[in-house]
Amino acid sequence: MSLTRLVAIARKELVQILRDARSLIIVVLMPAVLVLLFGYGVNLDLKGLPVYVFDRDGSQQSQDLLRHFQASEYFHIEHVVGSYPELTRALDDGHAKMGIVIPWDFSQRLRDGRPVEVQALVDGSDDNTANVLIGYSQAVVQGYSAEVQIDWLRERGLSIQPAAMSVETRTWYNEDLESSAFIIPGVLALVMSVIGAFLTSLTIAREWERGTMEQLISTPVTAMEIMLGKLAPYFVLGMFDTVISALIAIYWFDVPFRGSWVTLMVASAMFLIVVLSMGFLISVLAKSQFAASQIALLITFLPAFLLSGFLFSIEQMPIALQWITRILPARYYVSVLKKIFLKGTPAHLLYADLVPLAVFTFVLALLATRSFHKRLE
Amino acid sequence: MRKGEVFGFLGPNGAGKSTTIRMLCGLLKPTSGHASVAGFDVSREPELVRQNIGYMSQKFSLYNDLKVIENIRLFAGLYSVPSNQLKERIEWALSMANLKGQENLITGTLPGGWKQRLALGCAVLHRPPVIFLDEPTSGVDPITRRQFWDSIQQMAETGVTVFVTTHYMEEAEYCNRLALIFRGKIVALGTPSELKRDSMKGKILLVECDPLGAAVEALQSAPDVMDAAVFGNALHLVVKDAAVALPQLKSYLTDHNISVTRMEEIRPSLEDVFVSLTTSREAAEERKP
């Protein structure tokens, strides 16, 4: 191993990155774009869902119930329609996520103390939204129903029994249940997959495509020096991008950061070595820029996006898929990220994630060093 | 090959010139056989071979997106040029490539001939005892080609062994020794004059006559003529014995209503040798089942 040769390769690689507008844009803007995109664009909080109402009663009481719906941040009453077909049409064309039908004898039945049913038509094409709507509309109606009962008892001079039981909830780690706090830490894994695997796979395949690799391997430089020299600038840039992404998350999106920077940097370095090694392996096998970039996206970016627990909780995946996530390095890194950011879990309690990540780091780095030979074909 | 000689490797496209060079540089693994370069075995000690050679591949393969000086620095680093020699070697490479004062140009913007000389400069920064040049002058204008060969000759004079492939016959004349390669086999080996003297099966007659086309046709079936080919505005004939054939052919052509203005024996050019050797090989191989 010669430091002179390693540095020569690394310096050349850095100059090439800085001179190539496309890779420079990816390196500099990608972290910011991804964090902003997911910070603003992906919002799993369901608030202000459009609701249409067909009020057949039109009484003081029915207006009261609707005010309760309107008061909830989850519903927004867009229209009060005059007929049933108008309501179904709004559901059909997607203007309404839910339709509420209040029966003509709503206030009459309430006055008589008889049970009354309010119909809620829910758009079930998105099951998650539908579940939320059903749950919250039941809560709203039950709340109103309790009020009505209390009034009914009071009017008759009966004593009011306070509710016997209630749940006092307190949410930890993500106190306001902001989905951005849940999502943004995981974006770091995406940024690294792009910088690490995608860019790296391009740069080495490019050397084969342009024939410069032939000149390179005719010199005394060793396979190890080529690999380390080529990956070193990307390692530095990847770590730089990690810090940038973390800072945007913390200071722009107010994502809590409760853990230690040291743990974050160590885990990030491990994951970066994993994706760099993957990018290197891919480029050695593919030898064309196009093939390499496609494979890199397929085996690093997509799993990091879909199966790492970044957006979709692993516990809710089918069992088979849950097992598959165990062979994804991104899963462990995303888990570490969320714990460091939101929980502040100290390093020694992260071993369940850090140990598998370290194993991946070691194995993939080893595979990468073995994969490259200084031969043409 | 001997030390300090310019050894030319001549052959048609696909004959195996580049493959040979790549095997000698340790870039391809030989399927069988041995080779040693600068005293090291190419399959067992490829790294020692690489420290002692400079290689210029057929396709320009420096970095087009780097500046001239950045390419030179890169290869100086890869060849571990000692820092106390670095400045002098960079200066040398720049002056050899005629790129002094142009250090900061992006390599991709240079004309082809300059690029080739820069590539040569980069390949010999570490003063290797042996250099391999794979068609170094393809696509380069004649003047630059001439300068390029001057640089090669200068290096050879300092004791560097040069192994060069080409398919330009006039370039072959610059070589101390030549090997003609055809379909992966060496068909002739020697100095250019040895090849011209010994490798031809017959003698060459130069014929200036009119009309040329009819003459070629007539001569194909003439007795004693082994081959007839057009060279510029004259014909080259291959015959067994010039003294016998000369008067015979003169009258043969006159009989065919072709006026002969000049007919004499000439020394064969390398191109004659090359054409004659490859066509006879081709014929021999076709006769085999």
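Residues numbered from 1 in each chain as written. Chains lettered and ligands numbered in written order. Predicted model: local features only at pLDDT ≥ 70, side-chain atom pairs only at ≥ 80, totals over all residues.

Turning our attention to the confidence of the model for chain B. Residue and element names in this part refer to chain B. With 99% of its residues at a pLDDT of 70 or more, chain B has an overall mean of 86. Per-residue pLDDT, averaged within each element of chain B, yields its smallest value for helix 11 (residues 270–287) (78) and its largest for helix 3 (residues 68–78) (94). In the predicted assembly, ipTM is 0.81 and pTM is 0.79. (pLDDT = per-residue confidence, 0-100. Helix = DSSP H or I, 4+ residues; strand = E, 2+ residues; numbered from the N terminus.)

Let us look at the sheet that holds strand 10 (residues 225–231) of chain B. Residues and elements named next belong to chain B. What the four strands build is an open sheet, ordered 10-11-9-12; its pairing is antiparallel. A single partner strand is all that each edge strand has here, and the edge strands are strand 10 and strand 12 (259–266). Strand-to-strand twist across the sheet, computed as the mean angle between neighbouring axes with direction ignored, equals 25°. The pairing of strand 9 (residues 203–210) with strand 11 (residues 234–239) spans five bridges and is classified as antiparallel. (Pairing = 2+ DSSP bridges. Axes fitted to C-alpha atoms, helices over the stretch in contact; angles between N-to-C directions.)

Residues and elements named next belong to chain A. Over its 21 residues, helix 14 (residues 351–371) extends 29 Å from the first C-alpha to the last, a length consistent with the 30 Å expected when each residue adds 1.5 Å. Of the positions making up helix 14, those classed as buried are Asp353, Leu354, Leu357, Phe360 and Ala368. Summarising the axial view, the buried residues of helix 14 lie within an arc of 125°, below the 170-degree limit, and thus occupy one face. In helix 14, the exposed positions that point more than 90 degrees away from the buried face belong to Tyr351, Ala352, Val355, Leu366 and Arg370. Contacts made by the buried residues of helix 14 are with helix 9 (223–251), helix 10 (261–286) and helix 13 (329–343). (Expected span 1.5 Å × (residues − 1). Buried ≥ 20, exposed ≤ 12 C-beta atoms within 10 Å, placed from the backbone. Arc of directions from axis to C-beta. Contact = placed C-beta atoms within 7 Å.)

Attention now goes to the pairing of strand 4 (residues 53–56) of chain B. Residue and element names in this part refer to chain B. Burial of strand 4 is two-sided: the residues Ile53 and Tyr55 facing one way and the residues Gly54 and Met56 facing the other way are all buried. With four bridges joining them, strand 4 and strand 5 (residues 130–134) adopt parallel strand pairing. Bridge pairing in strand 5 places Gly54 opposite Ile131.

For the rest of this paragraph, the subject is the domain arrangement of chain A. Splitting chain A by domain gives domain 1 (3–43 + 178–371) and domain 2 (49–155). For domain 1 of chain A versus domain 2 of chain A, the distance between C-alpha centres works out to 49 Å. (Domains from an automatic or database assignment.)

Here the focus is unusual backbone geometry. Residues and elements named next belong to chain B. Backbone torsion omega between Asp210 and Pro211 reads -5°, so that peptide bond is classified as cis. Assignment of secondary structure puts Pro211 in the loop between strand 9 and helix 9 (212–220). Phi is positive for Asn98, close to 60°, though the residue is something other than glycine. One can find Asn98 in the loop between helix 4 (83–96) and helix 5 (112–123).

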